[in-house]
Amino acid sequence: MRFLYRLPILIILFLSMQTVWACMPHSPNDVFIARLQSSQPTLMDNQQKGFDLQFSNPRFVFRTLRMWFFYSKPEQWQTHSDFKSIQPNDLIIGLAYNQDGGKPADYTVVSLATLDCKDDKLIIGKPLVSFLAWNRENGSCRHDSHDGIGILDGFIGEDQEYYLQQLQAKYPTCNKLNATFPSNANKSVSEQENHPQTSFWEKIKLWFGQWI
């Protein structure tokens, strides 16, 4: 008899899980920050037109050290969208995921937004492309409008304000942010001449920096 009482609850949970799996919204593990270097037209694996993206210092900012075992370091970035409003060396925050488990180092970029810092306050622009976002009010991926959805708004757990606070704690000053994601335009020729090669330990630090 107890099972009969619990049956409606189990059915509701099952249907809720079906709804989640049906739309599979992005997670904080898909969030990365980088500087865009270039965007070149290409044909993607499905033979549709797309773009090859190049980033400098890309970092998935919400991934923990244990995520080493679940994710590969990106080697190729592709997207279906033409982000014309973003220029080389612009600092961006975006969503990217591995679409093909057979190619774990290939990432698909879903959307990007500009990331700025003024008076030690991080400022996130509007997403340049709408994306699959979770609506916590109706428990689905259905939205009447995507205009008010931020790049960090579509996760099941928390909204953009929550994740922006985490980023603000991680990069409390503009200097800290720009030091982590330096612009190539700010690198002088003399700096490049003074550091012609990267030492072994510097490479180790850079490798760890991709995940910390």
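Check the entry above for the structure.
Within each chain, residues carry numbers counting from 1 in the order of the written sequence. Local features in a predicted model are, by the rule used here, given only for residues with pLDDT of at least 70; side-chain atom pairs are given and counted only at 80 or more, and totals for whole chains, interfaces and linings are based on all residues. Neither water nor hydrogens contribute to the side-chain values; these are computed over all heavy atoms in the structure.

Caption draft 1: Seen up close, helix 2 (residues 160-170). Those residues of helix 2 that fall on the buried side of the exposure criterion are Gln 160, Tyr 163, Leu 167 and Gln 168. Considered in projection along helix 2, the buried side chains sweep an arc of 150° and stay on one side of the axis. Among the exposed residues of helix 2, those pointing more than 90 degrees away from its buried face are Glu 161, Gln 165 and Ala 169. Summary of the burial criterion: residues with accessible area below 20% of their type's maximum are buried, those above 50% are exposed, and those between are partly exposed, where the area comes from a 1.4 Å probe applied to protein chains only. Note on conventions: DSSP H or I runs of at least 4 residues are helices, E runs of at least 2 residues are strands, and numbering of each starts at the N terminus. Relevant arc is that of directions from the helix axis to the C-beta atoms, nothing else.

Caption draft 2: Spatial organisation of the state of the cysteines. Throughout, disulfides are identified as pairs of cysteine sulfur atoms within 2.5 Å of each other. Within this structure, the stated rule accounts for one disulfide. The residue that forms a disulfide with Cys 117 is Cys 174, at a sulfur-sulfur distance of 2.1 Å. Between Cys 117 and Cys 174, the disulfide has an S-S torsion of -85° and is therefore left-handed. Remark: Cys 174 occurs in helix 3 (residues 174-180) and Cys 117 occurs in strand 5 (residues 106-118); sequence separation between them is 57 residues.

Caption draft 3: View of the nonpolar core. Counting 25 residues, the largest nonpolar core has Ile 33, Ile 93, Leu 152 and Leu 167 as the members making the most contacts within it. Counting only elements with at least two residues in this core, the list comes to strand 1 (31-43), strand 4 (91-97), strand 5, strand 6 (121-124), helix 2 and helix 3. The greatest single-element share of this core, amounting to four residues, is contributed by strand 5. Residues count as neighbours in contact if any of their non-hydrogen atoms are within 4.5 Å of one another. Apart from the residues within four sequence positions on either side, Ile 93 is in contact with Val 31, Phe 32, Ile 33, Ser 111, Leu 112, Ala 113, Thr 114, Leu 115, Ile 124, Ile 151, Leu 152 and Leu 167. As used here, the term nonpolar core means buried Ala, Val, Leu, Ile, Met, Phe, Trp, Tyr and Cys residues forming a set that is joined through side-chain atoms within 4.5 Å. Listed in part, the 15 residues of the second largest apolar core include Leu 36, Phe 51, Val 109 and Leu 112.

Caption draft 4: Inspection of unusual backbone geometry at higher detail. The backbone of Asp 119 shows a phi angle near 55°, a positive value even though the residue is not glycine. According to the relative accessible area criterion, Asp 119 is exposed, its value standing at 76%.

Caption draft 5: View of the packing of aromatic side chains. Think of it this way: a Phe, Tyr or Trp ring, Trp meaning its six-membered ring, pairs with another when their centres are within 6.5 Å, and the plane angle makes it stacked under 30 degrees, edge-to-face over 60, tilted otherwise. Tallied over the full model, the rule gives eleven aromatic pairs. An angle of 50° between the planes, with centres 5.8 Å apart, marks the rings of Phe 32 and Phe 60 as tilted. With Phe 32 in strand 1 and Phe 60 in strand 2 (residues 49-60), this residue pair connects regions lying 28 residues apart in the sequence. Comparing Phe 32 with Phe 60 shows no difference in burial state: the two are buried. Here Phe 60 and Trp 77 contribute two aromatic rings whose centre-to-centre distance is 6.0 Å and whose plane-to-plane angle is 10°, an arrangement assigned as stacked. Linking Phe 60 in strand 2 with Trp 77 in strand 3 (residues 76-79), this pair joins segments that are 17 residues apart in sequence. Neither residue differs from the other here; Phe 60 and Trp 77 are each classed as buried. One aromatic cluster is present, built from ring pairs that chain together Phe 32, Phe 55, Phe 60, Trp 77 and Tyr 107.

Caption draft 6: Local environment of the pattern of salt bridges. Within this document, salt bridges are pairs made up of a side-chain nitrogen of Lys or Arg and a carboxyl oxygen of Asp or Glu, the two lying within 4 Å of each other. On inspection of all chains with the given rule, the structure shows one salt bridge. Asp 144 serves as the salt-bridge partner of Arg 142, at 3.6 Å between the closest nitrogen and oxygen. Here Asp 144 falls in the exposed class, since its relative accessible area comes to 75%.

Caption draft 7: Inspection of the pairing of strand 5 at higher detail. A pair of strands is considered paired only if DSSP assigns at least 2 bridges between the two. Relative to strand 5, strand 3 runs parallel, the two sharing three bridges. Considered in strand 5, the bridge of Gln 78 is made with Thr 108. Alignment of strand 4 against strand 5, held across six bridges, turns out to be antiparallel. Each bridged residue has a counterpart across the sheet, and for Ile 93 the counterpart in strand 5 is Ala 113. Strand direction decides the pairing type here: strand 5 and strand 6, joined by four bridges, are antiparallel. Note that in strand 6 the partner of Cys 117 across the bridge is Leu 122.

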